[in-house]
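A closer look at the structure
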Amino acid sequence: MHLSHPQDAIADTSCSATTIRNRHDEWTRLGVFAQPKQIALHSYDRIVGLVLDQIAVDGSITKAPGGGEVAGRSPVNRPTEAASTLSVDGITFRDMTDHALRLLRQSRRLAELAAFPFNFDLDRAAHGHVEEVRLASGGPLETVAGDDTGGTYFVCADGSVLYADSEGAAGIIGSSVDETLELVIGLPGWRGYTRLSPDDGEEKILACVTETEDEIREYYGIDEERAELRAALGFPKRSPVELVGRLRAALLRTEPDFVLLNADEGCAYDRIGPAGPPLWEPVLAAGRADLAWLREGDRTAWREVAEDPVRRRITLRAAQFDRAEDDLELLRHLLRHETRSSMTDELRLAAVLVGLRGDTGDLPLLLEVRETDFDTACGLGGMPEPGASADELHQWARSLDESMFGTDPSDEPVSTWTALARDQGMTDLARVMLIRELDNIFMDQSRLRRPEAPSTLATAPLRDLARNFEELGDVTQALRAQRLYAALQETAWDRASARTTLARLEREAGRLPQAADTLAAVRDALATPGDDSLRHWQQVNLGRYIAEEHYRLALALADAGRPEETRALLAAADAILGELSENAANGVRELAERTAARVREAG
């Protein structure tokens, strides 16, 4: 008998999670579990007994209404800073915005009705969620209720309610606690309707709701309880179709603003309900609008879009996936202006879109673009020379299009969309896309296998993810990506380089002991590399980089008041500096002297 397990985890084809939950609640109400408990306690007392000479009977109770060190930390409720109460002048968001929730908190009868049979239990809020969580956006969370499956209802800063189950999925289910209560009272089987849509039609929705509620009624009543609770809370009677529509609209708001993360590991919860539109759609929206404007022939649009580097790039991406025969002139216009940004993917894309027309009259323009600067000359190498035929121009453009671009936005690398999202200020959207991509790699590292060499991994995407997270200011996710990247390196050189970067990130995140351990692993790699890739590390920038990070961490340790660790690391840094070539060492000496002075000052 699994009394503490989420029902979804133990359900199978012989007994659904709903049936398990219903029977558990019914048996609890009837006192079925109380008798076995008493029998067990009585049997233990008869067979084992209490060893009174080993029991402390003295003790004390300290009142700590304000918490703090006296109260200690509850082993059950492990709140994070993000899960603290949201308040303004002592008045919580839930008090300000949710009338029904105040009534539940004031009336034990109403609170008990909400808890059973509608599974919105205020008392469970004290226990917190099954694990520490936080929002990817960094926004605050407040726990207001839980249910008997281990799920938790959180209030976000804007009042929206985020439901997180115990199996790693979460979603917004209401714009307020009141709206959420209307949902759970009106649709007690709401978790079975998260894939429904108003587009499914009234008949299908009503049939699904009727089937679920008839099953519930086999075990306990809901109709009189629902009527009583609705009347007491002042809720109107809404049709299941309307409530399903509201649920779906709420769930679609989950990303990117309300993505829930495991606080320790940083991985994202799965999304409850509909997947929603692909995340590249909002990234392309402005570009599609500008492309339509350009096609109207408005010269103001041609000037404004072409002179704005962000709008220009997004418009070119929109043109990549919406190719029209009449776009050649506007593509030429955007191509000329994109040279201002030197060599970009969008410059190459614009050249390809122009070249695909096979008009040899465009060769002078394409060659002029290629010769803009050294980078464009390299990036557009292989372009047909003057005198080339239309077929040669088309073949060049088609080859690049097939290898680098194409017409399906879902085939584009995630980095394309995250870069464009960041350019438009869609920071949370970019972060969510990157976290999902990192989670996918953690779950399936075969995604990194090289098609031409399946036995090896292409780890550069992890390095890029770490850099992108760092640029977003999300050091926690940058550490996740860099840690995995370092672990997957095959040569001693790559391991030493990746771990040195990892140590820098750990230092910048304030994780000084971890950074010291990581640098110790770097020194081990230098001492016993296992291959010959590090044979010249003393003469190149890698040696200088390693020495610099040792000195920077020593400074951080000194500032943190850790003298013994500081001196040990300074000695290791000086040893590395002593092995560097004269040229490599010259770039580190000033930092080494400053660090030594700081250590002497710290005593």
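Residues numbered from 1 in each chain as written. Predicted model: local features only at pLDDT ≥ 70, side-chain atom pairs only at ≥ 80, totals over all residues. Heavy atoms only, no water.

1. Describing the environment of R312
Relative to the elements of secondary structure, R312 occurs in helix 13 (residues 309–321). On the basis of relative accessibility, which here comes to 2%, the residue R312 falls in the buried class. Not counting residues up to four positions away in its chain, the partners in contact with R312 are V305, A306, E307, L334, H337, E338 and S341. (Helix = DSSP H or I, 4+ residues; strand = E, 2+ residues; numbered from the N terminus. Buried < 20%, exposed > 50% of the residue type's maximum accessible area, 1.4 Å probe, protein only. Contact = heavy atoms within 4.5 Å.)

2. Considerations on the confidence of the model for the chain
Summary statistics for the chain give a mean pLDDT of 87 and a share of 84% for residues scoring 70 or more. Throughout residues 1–9 the model reports pLDDT below 50, and contacts reaching past four residues in sequence, or to other chains, amount to 17 contacts. Of the regions scoring below 50 in pLDDT, residues 42–96 engages in 54 contacts with residues more than four places distant in sequence or in other chains. (pLDDT = per-residue confidence, 0-100.)

3. A word on the sheet that holds strand 4 (residues 141–146)
Taken in spatial order, the five strands of this open sheet run 4-5-6-7-9, and their pairing is mixed. Each edge of the open sheet is held by one strand with a lone partner, namely strand 4 and strand 9 (270–271). The pairing of strand 5 (residues 152–156) with strand 6 (residues 161–164) spans four bridges and is antiparallel. Paired with V155 across the two strands is V161, which belongs to strand 6. Where helix 7 (residues 177–186) meets the sheet, its contacts fall on strand 5, strand 6 and strand 7 (169–174), and the angle it forms with strand 7 comes to roughly 100°. (Pairing = 2+ DSSP bridges. Axes fitted to C-alpha atoms, helices over the stretch in contact; angles between N-to-C directions.)

4. Observations regarding the pairing of strand 6
The alternating pattern of strand 6 places V161 and Y163 and L162 and A164 on opposite faces, both of which are buried. Between the antiparallel neighbours strand 5 and strand 6 lie four residues, among them G159 with a positive phi of about 95°. Remark: four residues form the turn of the hairpin made by strand 6 and strand 7, two consecutive strands paired antiparallel; G168 in that turn has positive phi of roughly 95°.

5. Focus: the packing of aromatic side chains
Two descriptors summarise a pair of aromatic rings, namely the distance from one centre to the other and the angle between the planes of the rings. Enumeration over the complete set of coordinates arrives at six aromatic pairs. On the basis of an interplanar angle of 40° and a centroid distance of 5.9 Å, the ring pair of F321 and W417 is categorised as tilted. Residue F321 is found in helix 13, and its partner W417 is found in helix 19 (residues 414–423); the two are separated by 96 residues along the sequence. Considered together, F321 and W417 belong to a single accessibility category, that of buried residues. Lying over the aromatic face of W302, R299 brings its terminal NZ or CZ to 4.0 Å of the ring centre. (Phe/Tyr/Trp six-rings, centres within 6.5 Å; stacked < 30°, edge-to-face > 60°. Lys NZ or Arg CZ within 6 Å of the ring centre and 35° of its normal.)

6. As for the side chain of Q477
With respect to the helices, strands and loops of the structure, Q477 is situated in helix 22 (residues 475–487). By relative accessible area, which is 0% here, Q477 ends up buried. Within the local environment of Q477, its side chain forms a polar contact with the backbone oxygen of G266, the two atoms lying 2.7 Å apart. (Polar contact = N/O pair within 3.5 Å; in protein donor to acceptor, adjacent residues only side chain to side chain.)

7. Side note on the nonpolar core
Counting 37 residues, the largest nonpolar core has L104, F120, Y153, I173, L181, W190 and L229 as its most contacted members. The dominant element in this core, judged by the number of residues it contributes, is helix 7, at five residues. Discounting chain neighbours no more than four positions away, the residues touching I173 are Y153, V161, Y163, T180, L183, W190, L247, A250 and L251. Counting 35 residues, the second-largest nonpolar core is a separate cluster that includes L294, V305, A306 and V354. (Core = buried A, V, L, I, M, F, W, Y, C linked by side-chain atoms within 4.5 Å.)

8. With respect to the packing of helix 6 (residues 108–115) against helix 9 (residues 223–233)
A pair of packed helices is captured by two measures, namely the crossing angle of their axes and the spacing between those axes. Two elements in contact, helix 6 and helix 9, have axes whose closest approach is 10 Å; the angle formed by their N-to-C orientations is 130°. With respect to helix 9, the axis of helix 6 lies oblique. As helix 6 runs across helix 9, the sense of the crossing is left-handed. The residues of helix 9 that touch helix 6, namely those facing R109, L110, L113 and A114, are E225, E228, L229, A232 and L233. When its residues are assigned to classes, the contact of helix 6 with helix 9 shows six nonpolar, no polar and three charged. (Parallel < 35°, antiparallel > 145°, perpendicular 65-115°, else oblique. Left-handed = near helix turned anticlockwise from the far one by under 90°. Nonpolar A, V, L, I, M, F, W, Y, C, P; charged D, E, K, R; others polar.)

9. Concerning unusual backbone geometry
A cis amide bond, omega 20°, links F116 with the succeeding residue P117. With respect to the helices and strands, P117 occurs in the loop between helix 6 and strand 3 (133–135). With an omega dihedral of 10°, the bond running from E255 to P256 counts as a cis peptide bond. The residue P256 is located in the loop between helix 10 (240–251) and strand 8 (260–262) in this model. One non-glycine residue, N119, adopts positive backbone phi at about 60°. Topologically, N119 is positioned in the loop between helix 6 and strand 3. Located in the positive-phi region is S342, a residue other than glycine, with phi close to 65°. Among the structural elements, S342 can be located in the loop between helix 14 (328–338) and helix 15 (345–355).

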